[in-house]
Amino acid sequence: MSDTVINKALRRRGIVVKFYSNLLVVEDIETGEQFLCKLRGKFKKQGIRPITGDIVEYTKIVGNEGVVENILNRKSELKKPSVANIDQVIIVTTIDKPAVPLDILDRFIVLVEYEELPIVIVLNKVDLLKEEQIKEFESIYKKLYPVVKTSAMTGYGIEELKQQLSGKISVFAGMSGVGKSSLLNSIENNLKLRTGEISEKLGRGKHTTTAAELLRLSFGGWVVDTPGFASLDIDHISENILRELFIEFENDKCYFPDCYHIDEPGCHVKEMVKKGKIPYSRYESYQRMLEELQELRKEALE
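The numbering scheme is per chain: residues are counted from 1 as the chain's sequence reads. Only residues with pLDDT of 70 or above have their local features reported here, since the model is predicted, and side-chain atom pairs are shown and tallied only from 80 upward, although totals for entire chains, interfaces and linings are computed over all residues. Excluding hydrogens and water, the side-chain figures rest on all heavy atoms present in the structure.

Engineer: Mind showing me how you'd approach the overall build of the chain here?
Structural biologist: For the chain, the count of helices and strands is eleven helices and 13 strands. Here, residues are in contact when the closest pair of their heavy atoms is within 4.5 Å. Relative to all contacts within the chain whose residues are 6 or more apart in sequence, the contacts with residues 24 or more apart total 68%. Note on areas: these come from Shrake-Rupley sampling with a 1.4 Å probe, and a residue is covered only by the protein chains present in the view. Within the structure as shown, the chain displays about 15,900 Å² of accessible surface, and the carbon and sulfur contribution to it stands at 49%. For the purposes of this entry, the term helix denotes a DSSP run of H or I that reaches at least four residues, the term strand denotes a run of E that reaches at least two, and both are numbered from the N terminus.

This is how it looks when you write it as structure tokens:
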């Protein structure tokens, strides 16, 4: 039997949970055991570099050390933070303390839609809100995306959020102060504690982390420990694409196929706004972003 056949037989499947400058931590998908792995030289020659979230085949060498033999195809890839195989983005927002403007939430939504990733909206700190405020929020977003109402303070909605996270790789995104860390601690008490234990378990000294880290959830699934979408810039999105990222806009029903929904005759989207079928706040967000992109294009031409 050749060494190649033996090597393939010994391969196990794992997920890259952390990446250092020249080593990566691979967590065995079945056992949850972690290994500090090197890369075969072929990856460097081919210019291939794994990222957090990659599913890999690895072989054990000795103790908790191993070698990555193969990187499987990615089903998705997020650039910032750099994570592969993301199943969904959890956008956390609040109406009070802090009062996050709806156009900021819509910006997050546009950025995630651009990456073609599923969205779950979490309305946190509902213990501070009146029922009317919650209903108004849901009237805008619940028809578009799953909305989970939570309170990290009281524990309200945490079980429902766990159900959304179970068995998936999730990135949390949202403005500072909305309670992302508090929610994560409510979901999994020892989540942050466990991150500090990894280098200790591996018996290695200090390393410099160069990418996001995946944290395993006890009920199944992983979360990314780094803030998603640190930048809210939309300058990489064209005006044509922007129209498509507001998923309630039925662009093909406008009289003109290239309608921007501003002052064109026969605009179906504006008609839906007048009838209250598209919330005015969403249309306003679209207008602001479109104006921003048009201004950037003008500046680039000058």
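On we go.
Engineer: How should the environment of Glu57 be read in this particular structure?
Structural biologist: With respect to the helices and strands, the residue Glu57 is situated in strand E4 (residues 55–62). Taking relative accessible area as the criterion, Glu57 reaches 17% and is therefore assigned buried. A sequence separation of 43 residues divides Glu57 from Gly14, and the C-alpha atoms of the two residues are 6.2 Å apart. Leave out the neighbours within four places in its chain, and Glu57 touches Arg11, Arg12, Arg13, Val67, Val68, Glu69, Asn70 and Leu72. Throughout this description, buried means an accessible area under 20% of the type-specific maximum (1.4 Å probe, protein chains only), exposed means over 50%, and partly exposed covers the range between.

Engineer: Sorry if this is basic, but what is going on with unusual backbone geometry here?
Structural biologist: Excluding glycine, a negative phi dihedral is what most residues carry, and trans is how most peptide bonds are arranged. Cis peptide bonds are those with omega within 30 degrees of zero, and the linkage from Lys97 to Pro98 qualifies with 0 degrees. Tracing the sequence through the fold places Pro98 in the loop between strand E8 (88–93) and helix H3 (102–114). A positive phi angle, near 60 degrees, is found at Asn85, a position not held by glycine. Structurally, Asn85 can be placed in the loop between strand E7 (83–84) and E8.

Engineer: What is the right way to look at the pairing of E8 in this model?
Structural biologist: In the case of a regular strand, side chains alternate between the two sheet surfaces. The element E8 is extensively covered by neighbouring structure, given that six of its six residues are classed as buried. With burial as the criterion, each face of E8 is covered, one bearing Gln88, Ile90 and Val92 and the other bearing Val89, Ile91 and Thr93. For two strands to count as paired, DSSP must find a minimum of two bridges between them. Across four bridges, E8 lies against strand E11 (residues 169–173) in parallel orientation. What sits directly across from Gln88, in E11, is Ser170. Tracing the backbone out of E8, into H3 and back to the parallel element strand E9 (residues 119–123) gives a crossover that is right-handed. Clockwise travel from the first strand over the helix to the second, with the strands pointing away from the viewer, marks a crossover as right-handed.

Engineer: Honestly, the sheet that holds strand E1 (residues 12–19) in this entry has me stumped. Any pointers?
Structural biologist: Ordered by their spatial adjacency, five strands build a closed barrel running E1-E2-E3-E5-E4, and the pairing between neighbours is mixed. When the angles between neighbouring strand axes are averaged without regard to direction, this sheet yields 55 degrees. For E1 and strand E2 (residues 24–28), the ladder comprises five bridges, and the chain directions are antiparallel. Each bridged residue has a counterpart across the sheet, and for Gly14 the counterpart in E2 is Asp28. Lines fitted to the C-alpha atoms define the axes, with helices restricted to the stretch that makes contact. Angles between their N-to-C directions range from 0 to 180 degrees.

Engineer: For this particular structure, what's the right way to read the state of the cysteines?
Structural biologist: Covalent bonding between the sulfur atoms of two cysteines is what defines a disulfide. In this description, the term disulfide denotes a pair of cysteine sulfurs within 2.5 Å. By the definition in use, this model includes zero disulfides. Not engaged in a disulfide, the cysteine Cys259 finds its nearest cysteine sulfur in Cys267; these two sulfurs lie 3.8 Å apart. In this structure Cys267 comes out as buried when scored by relative accessible area, which is 6%.

Engineer: Would you mind showing me how to read helix H4 (residues 131–141) here?
Structural biologist: For H4, the set of buried residues is Ile134, Phe137, Glu138, Ile140 and Tyr141. The buried residues of H4 occupy an angular sector of 160 degrees when projected down its axis, which confines them to one face. Turned more than 90 degrees away from the buried face of H4, the exposed residues are Glu132, Lys135 and Glu136. Packed against the buried residues of H4 are E8, H3, E9, strand E10 (147–149) and helix H11 (280–301). Each C-beta atom gives one direction from the helix axis, and the arc is the one those directions make.

Engineer: What is the right way to look at the packing of aromatic side chains in this model?
Structural biologist: Pairing of aromatic rings covers Phe, Tyr and the six-membered ring of Trp, with a centre-to-centre limit of 6.5 Å; geometry is then stacked below 30 degrees between planes, edge-to-face above 60, and tilted otherwise. Tallied over the full model, the rule gives eight aromatic pairs. Note on Tyr255 and Phe256: the rings are 4.9 Å apart at their centroids and 85 degrees apart in plane angle, and the pair reads as edge-to-face. Ring geometry for Tyr280 and Tyr283: centres 6.3 Å apart, planes at 50 degrees, overall tilted. Here Tyr283 and Tyr280 lie together in helix H11, a separation of three residues that amounts to about one turn. Accessibility expressed as a relative area gives 48% for Tyr280, which makes it partly exposed. Taking relative accessible area as the criterion, Tyr283 reaches 5% and is therefore assigned buried. Taken together through their ring pairs, the aromatic side chains of Phe246, Phe249, Tyr280, Tyr283 and Tyr286 make up a single cluster. Two thresholds decide whether a charge sits over a ring: the Lys NZ or Arg CZ must be within 6 Å of the ring centre and within 35 degrees of the ring normal. The cationic tip of Arg243 hangs over the ring face of Tyr260; the distance from NZ or CZ to the ring centre is 5.3 Å.

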